[in-house]
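Summary of structural features
Listed below are the residues making up each chain.
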Amino acid sequence: MKILSSPRSGPGFTRTPSSPEIQDMGSSVNARSPRPRAGLSSMFMLFVIFLLSVAPARADEKVSVEAARRVAIQHNGRVKPLDSFARETVDRLTGSPRWKGQDPMATILSILAEPDRWQEEPFLSVPFGPLREKLELGRKTTHVSYSELISTKKLMRMLPAIVEKQQRSEKLTMLENETMELYDRFVTFHGLISQELRLLPPPPGERVWQVGRLEEALQAGRSANYPARWRLEMEVFYNRAEPFRIARFLYLAAAILLLMFYLGRRRWTALAGGSLFALAFLTHVAGIAARVILGQRPPVSNFYETMLWLPFVAAVLALVFERIYRSGLFAFSAAVLGSILLLLADHLPLDSSISPVVAVLRSNLWLTIHVLMVVGSYAPITLAAVLAHLYGFFYLKGGAGHPALPSVGLFLYRSIQVGVVMLAAGIMLGAVWANASWGRYWGWDPKETWALITLLWFLAMLHGRFVGWLKGPGTAVGTIAGFFLLLMTYYGVSFYLVGLHSYAGGSAKPFPPLLIAYLLGEILFMAAVARKAVAAARRPV
Amino acid sequence: MVHPFRLIGSLRVAVTLLIVIAGVLAWGTIYETRFGTASVQRFVYQSWWFQGILAFLAVNLATAAFLRYPWKRKHLPFLLAHLGIIMILTGGILGGRLGVEGQLIIPEGESNDTLQMDRNVLVIHQPNPGIHAEFLTRFETTAWDHAPHALFEAPLEEGPLQVVVDRYYPDAERREEILDGGERENPAAHILLSHEGHEDDIWLLARDRDRFGARWGGAHVLFLEPESEKELKSLPPDSIILARTEKGELSAILTDSAGKRKTLRRIQIGAWYTHSSLGYRFQVSAYYPRARLEESYEPRGDEVRAEALHLVARQGDRTVQSWLGLRERVGLPFGKHPVLVEYRPASRELPFSVKLLDFRKIDYPGTEMAAAFESDVELNDPERGVSFKKKISMNNPLKHRGYSMFQSSYVPGPVETTILSVRKDPGVPLVYAGFLIVLSGVTLLFTSRARAA
């Protein structure tokens, strides 16, 4: 029999109760949060059963669901309406915003009311193929039931080795990460069926949740710790309205109309496109504002929110540039960006909940400015990438003499300039923040290093253009290449090279085939433009 | 023939440098995923050749600026941008050379004035007659080299001691095997535990005060060697206690939550027993009265995370070999007095001491997610006759005599330990001024040209 331990941990191997599966043996598997008082959850159950029993008929059921939506609960460090909790939980557990097309609130209330039935339902998402194989689920089984996980024990057997690895702070493989994710879903579901819901926060300084207080609070409708009515109403409204979904359709419509304007020069298309763009922008701003008010924190604090902020800055820049150049191309590019990015924000596996921020990111002015500036700087660069594609299309279609090229080229150049200034400023602000928070303004962390690489690339391009080494097509190709570097900074580092900035991103994720297809397409496009430019340069004038 | 200055200050060189630097950095981040942060810092970012490239960029920018002398008004944005970058580069190189960076690790109620640095040293130490030799090592810089053959020499009383590090494992796995047939009495028992599909196994050594017991789930699992019944008088509740009688037999005492006991005599090797109130099942799968430990190290990978060295020490014709992990020390039997060899992070004295009065982790309500970390400290500077108290929290450092102390992390436990990162960087003002100048220069450059166009 061999015992393994690393020399750093010394000779002792006393099993401390810090590993979750050991700590919580025998009672519950929830390792994340302290257990709530039993009295409280049974109180809540009574409440829920009351709601359900009052309304046996379907039409009335809807009313009771409505009533429950606005109940404030404590979840993941924030007080939020039950409606938000339901949406986040269903999304987390099943991997999609709705389970069988049902309202998430109805799903959650049903789980609370009939835990036994739901234990048998294949409800927990297993998105990662190799993990399905490990659990012997069959290739097409995307969801597994709670009771199956318990009865086969395959998941539980995989855990101790992973936890041990985590304790040695070793990097986990993708399979191990996905295993922990599934375990986390299992724990969340377990919490749900054992009715571990937390209603109402305790007063500051007190950890105990008192049933008496809860009753009082529910009777009075509000108390010092109970969130204001308008807050709950607003969050439920925000959840239901899905402003970014509306905004992305409006952006798409605006982009189509603006393209029509560019091709046909009809006045009504410009007006309609412009007003749709404005409408999309307003919806977009309203959505961001709602998140800021509800979360009581700056607009960008997780990956999802960067995907909202980037097109917002792009739209602002487009509005500014349109005032100067009045061509419609900037608005078109920003609208394209808005529709694509907001679509991606909803469809990539990102956490869209309004969650509290980790300690190091809290209440810091420099940090807020730094993040807004850096993510903001991605906007002009991405805008430049869209313009570079337009340039490429026109160049491939009509050659160097195409009438649109000079203006598109100029806009592209302006966008890069703004991007370089903002990125440089953002990096420097990051240095100032890092110095204020960690005492070092530069640490060669992968994220900051890649931001610098992106900046150096565009600086090299600007200088090359300045002395005439790079002409229009070269700038377009270089911009698309620079956009790849930006993708690496923005997306790649967080998911493939995790460093100090890991709080901004996630862990290793499988490389999506769609991304590979996109990159291949881009490379072919760049090659086509470059080939034509080289051929044109060789031809004697 | 281009004039050498024109070449050095040319745009061709500048653009080449920018792309070379970008390429090196991209490679560095990939290198880091393989060998770890400590390795890439020393092998790439702080290496003389990379700093050399950066210095060359500064020279290139300065030459480019001087080539345009006498300067005119239109050169202003260009000059500002270049001057700013030169200041940032100079400040960075200066800070790297003259700055201090380390960690101050203080348990609650204690005081510390010694920084732990991020480089490691090999220390050869003979307490009597007080010989102390310290060597800065750089094994982690070339973490792929598992056979470095580095030689360290210390003058001892009886003649020079040569220590050769012939193996270096950046991520060593310590393997320990417990075998029967040792020279001395050393009772060891291998215990299997099982509950609702969770299974675990553990070796308990009755005579090792670090390893005679463990906690598993809600239970204490202990292996005791009582000399009389008296010693078993007070036992913890919810426990599985294996006791070795004087005759060498094993019995088990099970206590419930109220401390009520049940004794199982003559435990059979390989048979399952049940703790009735906890529902845990256990068995003793092996029992060695004279156990011996055999240890070895195996390399697990190239990423620097759990370093271990193998030493061959030689004095005259005597040779001793040993393994040595980071933060460990071994005694080598040479001469009259023992020689200690230690591999640990380098340390550095601060001109003042910091005492940790209290450490607090403040959570978001209802979770264990930290919202804030705070350390109440007392700083004592006898040299300057200063003593004061201050609260250090995230983004809120303590500054004294050019040193800044930041809340970095903490070690949980009954006595919490705070970890402050300490930094002194004389390059910062130059770098900050550089930031402002660059930004104003670039903004001026683009706006003036936009106006011209």
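Residues numbered from 1 in each chain as written. Chains lettered and ligands numbered in written order. Predicted model: local features only at pLDDT ≥ 70, side-chain atom pairs only at ≥ 80, totals over all residues.

**Section: the overall build of chain A**
Within chain A, the regular secondary structure consists of 21 helices and 6 strands. Residues classed as buried in chain A amount to 43% of the 541 residues present. A separation threshold of at least 6 residues defines the contact pool for chain A, and within that pool the share at least 24 residues apart is 70%. (Helix = DSSP H or I, 4+ residues; strand = E, 2+ residues; numbered from the N terminus. Buried ≥ 20, exposed ≤ 12 C-beta atoms within 10 Å, placed from the backbone. Contact = placed C-beta atoms within 7 Å.)

**A look at the overall build of chain B**
Of regular secondary structure, chain B possesses 6 helices and 25 strands. The C-alpha atoms of chain B give 31 Å as radius of gyration, which overshoots the globular expectation for 453 residues (22 Å, by more than 25%). Across the 453 residues of chain B, 30% fall into the buried class. The long-range fraction of contacts in chain B, counting pairs at least 24 apart against all pairs at least 6 apart in sequence, stands at 55%. (Rg over C-alpha atoms; globule rule 2.2 N^0.38 Å.)

**Quick word on the pairing of strand S13 (residues 261-264) of chain B**
All names here are of chain B. When strand S12 (residues 250-255) meets S13, the two strands line up antiparallel, connected through 4 bridges. Across the sheet, residue Ile-253 finds its bridge partner in S13, namely Thr-263. Connecting S12 to the next strand, S13, in antiparallel fashion are 5 residues, including Gly-259 with a positive phi near 90°. (Pairing = 2+ DSSP bridges.)

**Some details on the sheet that holds strand S14 (residues 273-274) of chain B**
All names here are of chain B. Judged by pairing direction, the sheet is antiparallel, and its 4 strands sit side by side in the order S8-S7-S15-S14 without closing on themselves. Either end of the sheet is taken by a strand with one partner, and the two such strands are strand S8 (198-205) and S14. Looking at chain direction, strand S7 (residues 188-195) and S8 are connected through 8 bridges and run antiparallel. Bridge pairing in S8 links Ala-188 to Leu-205.

**Comments concerning the environment of Ser-448 of chain B**
Within the element layout of this structure, Ser-448 of chain B appears in helix H6 (residues 428-452). For Ser-448 of chain B and Gly-402 of chain B, which are 46 residues apart along the polypeptide, the C-alpha to C-alpha distance reads 40 Å.

**Things to note about unusual backbone geometry**
Cis geometry marks the peptide bond from Tyr-69 of chain B to Pro-70 of chain B; its omega dihedral reads -5°. Looking at where Pro-70 of chain B falls in the secondary structure, it is placed in the loop between helix H4 (48-67) and helix H5 (76-98). In the Ramachandran plot, Arg-326 of chain A falls in the positive-phi region, its phi being about 50° despite a non-glycine side chain. Along the polypeptide, Arg-326 of chain A turns up in the loop between helix H15 (303-325) and helix H16 (329-347). With a phi angle near 50°, Asp-238 of chain B is a residue other than glycine that sits in the positive phi range. On the basis of neighbour count, Asp-238 of chain B is assigned to the partly exposed category, with 19 C-beta atoms found within 10 Å.

**So, the domain arrangement of chain A**
Many authors give the size of an interface as the accessible area that is lost as the parts come together. Residue and element names in this part refer to chain A. For chain A, the assigned domains are domain 1 (35-228), domain 2 (242-357) and domain 3 (362-541). A separation of 20 Å is found between the C-alpha centroids of domain 2 and domain 3. If you look at the interface, domain 2 gives 19 residues, while domain 3 gives 21 residues. Residue assignment for the side of domain 2 that touches domain 3 shows that the elements contributing at least two residues are H15 and H16. Broken down by element, the residue count for the side of domain 2 that touches domain 3 peaks at 9 residues, all from H15. Counted by class, the side of domain 2 that touches domain 3 contains 16 nonpolar, 3 polar and no charged residues. (Domains from an automatic or database assignment. Nonpolar A, V, L, I, M, F, W, Y, C, P; charged D, E, K, R; others polar.)

**Here we look at the sheet that holds strand S18 (residues 318-325) of chain B**
Hydrogen bonds between backbone groups are what pair the strands of a sheet, and the pairing can be parallel or antiparallel. All names here are of chain B. With respect to topology, 4 strands assemble into an open sheet ordered S4-S5-S17-S18, the strand pairing being antiparallel. Where the open sheet ends on each side, the last strands, each with one partner, are strand S4 (150-156) and S18. Taken pair by pair, the neighbouring strands of this sheet meet at an average axis angle of 25°, ignoring direction. Alignment of strand S5 (residues 159-169) against strand S17 (residues 308-315), held across 7 bridges, turns out to be antiparallel. Each residue of the ladder has a partner; that of Val-165, found in S17, is Leu-311. (Axes fitted to C-alpha atoms, helices over the stretch in contact; angles between N-to-C directions.)

**Details of the confidence of the model for chain A**
All names here are of chain A. Here chain A averages 77 in pLDDT, and 78% of its residues register 70 or above. Low pLDDT, under 50, characterises residues 1-60; the stretch is placed with 118 contacts to residues that sit more than four places away or in other chains. Here residues 499-508 is modelled with pLDDT under 50, and outside its nearest four sequence neighbours on either side it reaches 24 contacts, counting other chains as well. (pLDDT = per-residue confidence, 0-100.)

**Considerations on the domain arrangement of chain B**
Its domain assignment divides chain B into domain 1 (4-99 + 445-452), domain 2 (102-114 + 348-424) and domain 3 (181-290). A straight line from the C-alpha centre of domain 1 of chain B to that of domain 2 of chain B covers 36 Å.

**Observations regarding the packing of helix H19 (residues 446-466) of chain A against helix H20 (residues 472-496) of chain A**
All names here are of chain A. At their nearest, the axes of H19 and H20 sit 8 Å apart, and the two run at 170° to each other. Viewed along their axes, H19 and H20 adopt a mutual orientation that is roughly antiparallel. In this structure, H19 contributes Pro-446, Lys-447, Trp-450, Ala-451, Ile-453, Thr-454, Trp-457, Phe-458, Met-461 and Arg-465 to the contact, and H20 contributes Thr-475, Gly-478, Gly-482, Leu-485, Leu-486, Met-488, Thr-489 and Val-493. Residue classes in the contact of H19 with H20 are distributed as 11 nonpolar, 5 polar and 2 charged. (Parallel < 35°, antiparallel > 145°, perpendicular 65-115°, else oblique.)

**Comments concerning the packing of helix H18 (residues 405-437) of chain A against H19 of chain A**
All names here are of chain A. Taken N-terminus to C-terminus, the directions of H18 and H19 make an angle of 145°; their axes are 10 Å apart at the nearest point. Relative to H19, the crossing made by H18 is left-handed. Touching Ile-416, Gly-419, Val-420, Leu-423, Ala-424, Ile-427 and Gly-430 of H18 are Glu-448, Ala-451, Leu-452, Thr-454, Leu-455, Phe-458, Leu-459 and Leu-462, all from H19. Residues belonging to the contact of H18 with H19 are distributed by class as follows: 11 nonpolar, 3 polar and 1 charged. (Left-handed = near helix turned anticlockwise from the far one by under 90°.)

**Some remarks on helix H4 (residues 82-94) of chain A**
All names here are of chain A. Taking 1.5 Å of rise per residue, the 13 residues of H4 would be expected to cover 18 Å, and the 18 Å separating its terminal C-alpha atoms lies within 8% of that figure. Taking burial as the measure, the 13 residues of H4 include 11 buried ones, the bulk of the element. Listed as buried for H4 are Leu-82, Asp-83, Ser-84, Phe-85, Ala-86, Arg-87, Glu-88, Thr-89, Val-90, Leu-93 and Thr-94. (Expected span 1.5 Å × (residues − 1).)

**Side note on the environment of Ala-308 of chain B**
Residue and element names in this part refer to chain B. Here Ala-308 is to be found in strand S17. On the basis of neighbour counts, which here come to 24 C-beta atoms within 10 Å, the residue Ala-308 falls in the buried class. Sequence separation between Ala-308 and Glu-153 is 155 residues, and the spatial gap between their C-alpha atoms is 20 Å.

**Notes on the nonpolar core**
Residue and element names in this part refer to chain A. By size, the foremost hydrophobic cluster in this structure holds 136 residues, and its most contacted members are Ala-254, Ala-314, Ala-335 and Leu-387. Setting aside residues up to four positions removed in sequence, Leu-387 forms contacts with Ser-333, Val-408, Phe-411, Leu-412 and Ser-415. Of all hydrophobic cores here, the second largest spans 33 residues; its members include Trp-99, Met-105, Leu-149 and Tyr-183. (Core = buried A, V, L, I, M, F, W, Y, C linked by C-beta atoms within 7 Å.)

**Describing helix H21 (residues 513-538) of chain A**
At 3.6 residues per turn, the α-helix brings residues three or four places apart onto the same side. When the terminal C-alpha atoms of H21 of chain A are compared, their 37 Å separation across 26 residues agrees well with the 38 Å that a helix rising 1.5 Å per residue should span. Among the 26 residues in H21 of chain A, 2 count as buried, and that is only a small part of the element.

**Regarding the environment of Arg-68 of chain B**
Residues and elements named next belong to chain B. Examined against the element boundaries, Arg-68 turns out to sit in the loop between H4 and H5. On the basis of neighbour counts, which here come to 14 C-beta atoms within 10 Å, the residue Arg-68 falls in the partly exposed class. Considering only alpha carbons, one finds Arg-68 and Leu-79, 11 residues apart in sequence, at a separation of 9.5 Å.

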